[in-house]
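Secondary and tertiary structure notes
Listed below are the residues making up each chain.
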Amino acid sequence: MNLYSGAVPESAPLAGAGAAPDGEDAARSPHPVAIVGATGSLGFGLAVRLASVGVPVVIGSRDRERMEQAALRARAAVPAGVFSARSNALAVREAQSVILSVPFLNQSETLASIARALRPGQLLIDASVPLAAAVSGEATRMLGVWQGSAAEQTREMAPAGVRVVSALHTVSAASLTNLEHPLDQDVLLCGDSREDKLQAARLLQRIQGLRCVDCGRLEMSRLTESLTALMIAVKIRYTDHAGVHLTDLPGELWDGSPPPRHAPNSESI
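Nothing here was measured: the structure is a model prediction, and the numbers come from that model.

For Ser-193, the position within the fold is in the loop between strand 7 (185-191) and helix 9 (194-204). It is 8.9 Å that separates the C-alpha atoms of Ser-193 and Gly-216, two residues lying 23 residues apart in sequence. Of the polar contacts made by the side chain of Ser-193, one reaches the backbone nitrogen of Glu-195; its length is 3.3 Å.

Spelled out as structure tokens, the structure:
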């Protein structure tokens, strides 16, 4: 038995894995969340923040050594957290919601590798960004994507029935990872279903200091993804903890609120 197997047994499934969503109560309950790419800075920050508020986290990676190390780091940061580590496909099978947090260079390959594990009804939150750094360019520049955005590429590659929402493009990974740092940032959500965005918001807003804002259809990811490049430029000049906060919004953005006004087909946006 190695150190990893003693701390985070790979063979032990999480309670509630594979459970189907059942309205508001299920969306609010701590079902397991798979973070594909949790060995990266944003994915790891999400893992420890979610675990710190009682959400069981499945750390997904294609590299066994890296996921073992990430699981140990996460348990050290949040001793009371519930973590397990799996290959990406196994992580996806065990979770109700999946967060895709991989570099754009690996997005297509990763989606292809987990496609058979994804199932209709799962919520897939895509945090991918087509930064030019994927092809050795500047991190403050964007790549063109045939589908329009990384999130739209995810929707194209995901099996039918998987509910794709994009988010987290402006959230500071450094702030997430530092559990002592208070958060006060908005999460910009895009998706073609208001209900899917609501479920994503209920999950992400478990993290104190994050507020989710509905930014419209998934095609709007073309704009929100580009804000990552802008935030990198800001962070270079000021601080790694920079984030986005929108002003003059209503106090209640989600539960019990109607769809946005003066919008065509508002029931679906």
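Okay, the confidence of the model for the protein chain next. Looking at the protein chain, pLDDT values average 86 and 84% of them are 70 or higher. Low pLDDT, under 50, characterises residues 1-27; the stretch is placed with 54 contacts to residues that sit more than four places away or in other chains. Every residue in residues 262-268 scores below 50 in pLDDT, and together they form eleven contacts with partners more than four places removed in sequence or on other chains.

For the rest of this paragraph, the subject is the pattern of salt bridges. If you walk through the whole model with that rule in mind, you get ten salt bridges. Arg-163 is paired through a salt bridge with Asp-196; the nearest N and O atoms lie 2.8 Å apart. Taken together, the positions of Arg-163 in strand 6 (residues 163-166) and Asp-196 in helix 9 put the pair 33 residues apart, joining distant regions of the chain. In this structure, Arg-163 and Asp-196 share a single accessibility class: buried. It is possible to trace a salt-bridge network through shared partners that takes in Glu-152, Arg-155, Asp-192 and Arg-222.

Conventions adopted
- Residues numbered from 1 in each chain as written.
- Predicted model: local features only at pLDDT ≥ 70, side-chain atom pairs only at ≥ 80, totals over all residues.
- Heavy atoms only, no water.
- Helix = DSSP H or I, 4+ residues; strand = E, 2+ residues; numbered from the N terminus.
- Polar contact = N/O pair within 3.5 Å; in protein donor to acceptor, adjacent residues only side chain to side chain.
- pLDDT = per-residue confidence, 0-100.
- Contact = heavy atoms within 4.5 Å.
- Salt bridge = Lys/Arg side-chain N within 4 Å of Asp/Glu carboxyl O.
- Buried < 20%, exposed > 50% of the residue type's maximum accessible area, 1.4 Å probe, protein only.

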